[in-house]
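Topology and contacts: notes
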Amino acid sequence: MTNVSLLGLAALVVPLIGLAAVLIVPEGKLRTPVLGLIGFGLTFACGLAMLVQYKPRGGPQFEVNTSWIPSINSRFHLFVDGVSLPLLLMSMAMFVAVGIYCLTRVPKTGSARAFVGLLLLLEVGVNGTFLAQDLVLFFLFFELVLVPMYFLIGIWGGKRRQYAALKFFVYTVFGSAVMLVGFLAVYFLGDKTFSIPELSAGASHAVSATVGVQTAVFAALLIGFAVKLPMFPLHTWMPDAHTEAPTAASVLLASVMLKLGGYGLIRIALPVLPEGAKVFAPMLGLLGVVAIIYGALGCLAQSDLKRLIAFSSLSHMGFVVLGIATCTPAGLNAAIYAMFAHGLITGLLFFVAGGVQHRLHTRDLAKLGGLLNVAPRLSWVLGFGVVASLGIPGLAGFWGEFGAILASFQPADGLPVHLFRVYMVIAAVGTVLAAAYLLWMFSRVAFGSVGEALKGVQIRDLTKTEAVVFVPLMIAIVVFGVAPALILDVVDPSTTMLVDTMFAEQ
Amino acid sequence: MTWLALGAPALMTVSFLAVLLVGKRFRNGGVELGLGVNVINVVLAVALAAAWNANDKISIEASTHWFEFAGKAVDAAIRVDGLAIALIVLVAVVSLAVNVFSSAYMKDDRRKTHFYAVLLLFSAAMQLFVISDNLLQLVFGWEVMALCSFLLIGHWWEEKHNVAAAMKAFLTTRVSDVGLLLGVAVLFYGANFSFSVTALNEAAANNAVSRAVLVTGAVALFVAVIGKSAQFPLHTWLPDAMAGPTPMSALIHAATMVVAGVFLVLRLYPVFDSAFGITDGSGTANVIVIIGAVTVVIAALLAFLQHDIKKVLSYSTVSQLGYMVLAIGAGAPMAALFHLVVHGFSKAALFLAAGSISRSVHGYDLRRDMGDLHASLPFTHASFLVSSLCLVGVIPFSAFWSKELMVVEMTDAGFMPFIWVLVLGSVMTAAYMARMYYLVFWGARRGSKIVRESPPAMTISTGVLALGAVLVGFGAIFIDRPQLHASGGWLAILVEAIFPLLGIALAVVCFKLGIGAVGLARRFKFARAAYHVLWNRYYLDWLYEHVIARTVRKGLSLVVHWFDMRIIDAFVDSFGRASVKVGKALMNRLERDVVDGTVNAAGGASMRAGGLLARSQAGRVQRYVAVSVTAMVLAAMVLMWVVQ
């Protein structure tokens, strides 16, 4: 059975061609960042073409399925469905945003070629992870993401880049290693197949083993995905990596890479190991709400703008985990929505934080202050990001948080209802803390009289490039805030199907 | 008629964007646009009210598919009934008056465009809020209003205490909004997977909702009401919110936004009714009526101690909001709505008058800046006096009628004992208003000698609202009321008519005899203790700011930070160091004993390849690959053990 959709393949091939072009075309002919942007733009165009042709109730689409490694029964299998499409498109869009940003702000150190090339390679890995339907293929792409990000942080990062890059690398490799063992267990204990759809379809037979074994394997996968998400207590690589990374990389880390973990849980861990998922769900929910509160409290203690935003991701991802833990379509919808919105919003926040650092050469909250006096437009973009991040309804961030709270009222059959209702209340309390740290941060940066870092400094307000990046992001945040149907109509059929197969009788 | 209802918020939203983006290019900073839109808005509101009235007062309903969630269709829906119309007209008129007033008051402000824009966004949100027939839309309007409130309180963000006040307002209401989120979520299941307000109300009225769900949802929503409508014990943000420009206080923190909570209870009255058994005839006290009663009294007491004219008015607002909540809880929803409108007009007029006064005397302090202003501010004085009489409810001014209706409805529902709270409240309202009125307009002049009346834009808008406050009182004629069957009712009404006068008389006597709170506290031990409690605002601010907020900010957050750095991260770092050591030792042995040549060749090749990218990192990556291999082996061993 061979099946090749050109669009599905293009999502991988186009950035690869872009990468080749960046490496081959001699410098001077065409500026590398422009070339890179063309690559990102064409990839995004492929994504939009998919969106246009996508049929919400049509099941898997844009399928590529050819023989790959027959000896271990692993196939080159890609497709797109409602779970992956929003995340795929969001990450493609964020790559375009980063591409535009890089037109004027390529880091000075190192070669621009390597920088843009690594970004393109990163996109190959990310798109591949979202598309892959074979565990081996998935693992390959999942790991591929790691390499360019390691170099982006390690070469172009801030003062403590070496430490941050290594920590990021070690954490993720550790997680992936455990995850790989889980994958192998799925293969050997199950039907000797790596195909995710096959493993999910015969869900209860997939791992022909006891609940105990499923639980153990689930734990292995969870560790791998938890590091990426990140999930408490495996999160401490994140503040360092985000803070030290150059702006482009920290945007992509937050917007794109953190989504791979949540996506993996929904795509692989839940449907392949439903029994293990059910056993782990209360624990998962607990980790989710702990992350919500812990992350928010951690934010209040930060003194570094970027570190604070990074830490807030922990709290936001807590809602994602809580949504997934409910094992219901509502919860999965919320998780996907939360990841989508977090990509746009936190991406925007990191862009602005990068802008602040670029202008004032500091991220110290104690030295900032009164930014509204000198750069009102930039400050209000930050304000917009803050408001979106704290989950004001009407902006994209609301649906994920509220959805997770809503879903925890009634988790899937067999899960402890009362426990999840306690989680529900704790998660709702988390929204207060979110407002507290975000408004505190904004008032420290923007309000008040001019801070130490701004005294006697002439800085430019929003530049044209920044406006071109920020305005579409802000519009998207509003649009997806008032018209949740744009996401939910795509996601809902797929998550409903996913949960149905998960709970199908043996 | 749907377009009439939707036209106003749509227009407001568009003009908000317009003022925000191009307002600065206008000569007066975009207020021109705001004024124009607000005039249209009043016309639309009146037209809508007329159309509704002409159509036998049948609710205007419309809905459209919004999104699908977990297999259930969710509709965006509006419902315009009498309740919505009352609020729409109130918001439109007060908003127009406030915009006119602001055009003069904010003329020289450097960020006036921003101010005008946010006022428009606020009106849009409020008008959308009152016509929503979907819980999510209610949440939407509710939160956007909170955001506008934040922006306007913090309008002069250069000053630290303004920012603090804005944060306090937002965060306090955000705490109670936990109730909103939870209540909406719970009631979604209660209404059989629907966010529709109509469906929910019907289900509640027909006892189709499980009791536990209904009570949980209602209690959660009432927590939200306590925050938004500044009820005890979450009222503390409202007096601080006076840090914003005065016209904004008139609109948001007196007439409209703060009544959103009261409106929510009215909108979902069947839910609260059925959850708390308000109209089951027993007249048993419920949480709503108790919170309302407590708020009436504790806020009125605080109003006596304030020296800032805006603070007196804001505590008065808290107290009057208490009246509304009390009335709803005591089975008098119609009277609550009536009082809401009466209070909206009179308090907005009072705030605008206060704005005029403070602008003329360059200060807010009753003792230092004011006194004997009746002659120099004749128009403001007239408006202030008339709206005060309306608020106090001296017969035949408007609050008399709303309180009278409260008495009638409460008697009907069997909540007689709570009528005495109304009476007590009336006396206190009359007394603190009389005190403030006297301190502002009579007695000896304190502060600057030369005082000029405000420009017409300000006096006229204030006057129009004061006139409106008088006229809405006669709305009592059109309200259907229950038959007055209980004999106590007439007596209570009589008492209601007399007690405000008694309150005024009390204030006059106290002044004549020179009895003040400070004097009493000096003379009597008990009074001193009470004075301390009042002066410290029942220690609630201390509790919230110094105990709770500080524990979170300086306690819990630092504990978390410490745990993160010293426990988790320290473990990670030492684990990393240890593995490097182990890996090194292992590698040395392995290399020496077994694989030597091959590994060297392969390693060398990869070193060269890596070196092309970044020489310094390549070695370390290798090292950590070793770590990961170790981890993988360990995990495999654990798994094998578990499987076996």
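Look up a bit, the structure's there.
Presented here is a report on the structure given in the accompanying data block. Residue indices follow the written sequence of each chain, beginning from 1 at its first position. For this description, chains carry letters from A and ligands carry numbers from 1, given in the order in which they are written. Whole-chain, interface and lining totals are the exception, using all residues; otherwise, since this is a predicted model, local features are given only for residues with pLDDT of at least 70 and side-chain atom pairs are given and counted only at 80 or more.

1. Things to note about the overall build of chain A
Convention followed: Where helices and strands are cited, they refer to DSSP runs of H or I of at least four residues and of E of at least two residues respectively, numbered from the N terminus. For a compact globule the rule gives 2.2 Å times the number of residues to the power 0.38, and the radius of gyration it is set against comes from C-alpha atoms. Exposure classification rests on a simple neighbour count of other C-beta atoms within 10 Å of a residue's own: a residue reaching 20 or more is buried, one at 12 or fewer is exposed, and one in between is partly exposed. C-beta atoms are placed from the backbone. Contact between two residues is assigned whenever their backbone-derived C-beta positions fall within 7 Å.
Scanning chain A from N- to C-terminus turns up 21 helices and three strands. For chain A, the C-alpha radius of gyration of 22 Å lies close to 23 Å, the compact-globule estimate for 506 residues. Counting only C-alpha atoms and orienting by the principal axes, one finds that chain A spans roughly 70 × 55 × 40 Å. Among the 506 residues that make up chain A, the fraction classed as buried is 68%. Long-range pairs, those at least 24 residues apart, make up 80% of the contacts in chain A between residues at least 6 apart in sequence.

2. Observations regarding the overall build of chain B
Looking only at helices and strands, chain B has 23 helices and two strands in total. By residue count, 54% of the 644 residues in chain B fall in the buried class. Sequence separation of 24 or more characterises 80% of the internal contacts of chain B that already satisfy a separation of 6 or more.

3. Quick word on the sheet that holds strand β1 (residues 3-4) of chain A
What counts is decided by this rule: DSSP calls a pair of strands paired once it identifies at least 2 bridges connecting them.
Judged by pairing direction, the sheet is antiparallel, and its three strands sit side by side in the order β1-β2-β3 (chain A) without closing on themselves. Strands at the two margins of the open sheet, each flanked by one partner only, are β1 and β3 (74-80) of chain A.

4. Side note on the interface of chain A and chain B
Defined as follows: Amino acids are sorted into nonpolar (Ala, Val, Leu, Ile, Met, Phe, Trp, Tyr, Cys and Pro), charged (Asp, Glu, Lys and Arg) and polar (every other residue, Gly among them).
Contact residues are listed per partner, giving 57 residues for chain A and 55 residues for chain B. Those elements giving two or more residues to the side of chain A that touches chain B turn out to be α6 (146-156), α7 (161-189), α10 (211-228), α13 (274-300), α15 (329-360), α18 (397-409), α19 (417-445) and α21 (485-502) of chain A. Of the residues assigned to the side of chain A that touches chain B, the class counts are 43 nonpolar, twelve polar and two charged.

5. Overview of the pairing of β3(A)
Working note: regular strand, side chains alternate between the two faces of the sheet. Most of β3(A) is tucked away: five of the seven residues are buried. Counting the residues in the hairpin turn of strand β2 (residues 61-69) of chain A and β3(A) gives four residues, including Asn73(A), whose phi is positive at 60 degrees.

6. What about unusual backbone geometry?
For the bond from Leu229(A) to Pro230(A), the omega torsion is -15 degrees, close enough to zero to count as cis. The residue Pro230(A) is located in the loop between α10 and α11 (237-244) in this model. Going from Phe232(B) to Pro233(B), the amide bond is cis rather than trans, its omega being 5 degrees. Looking at the secondary structure, you find Pro233(B) in the loop between α8 (211-228) and α9 (237-240). For Cys327(A), which is not glycine, the phi torsion reads 55 degrees and is therefore positive. Here Cys327(A) is to be found in the loop between α14 (305-325) and α15. On the basis of neighbour count, Cys327(A) is assigned to the buried category, with 26 C-beta atoms found within 10 Å. Notably, Asp372(B) is not glycine yet its phi reads approximately 55 degrees, a positive angle.

By themselves, these are just geometric observations and shouldn't be taken as functional.
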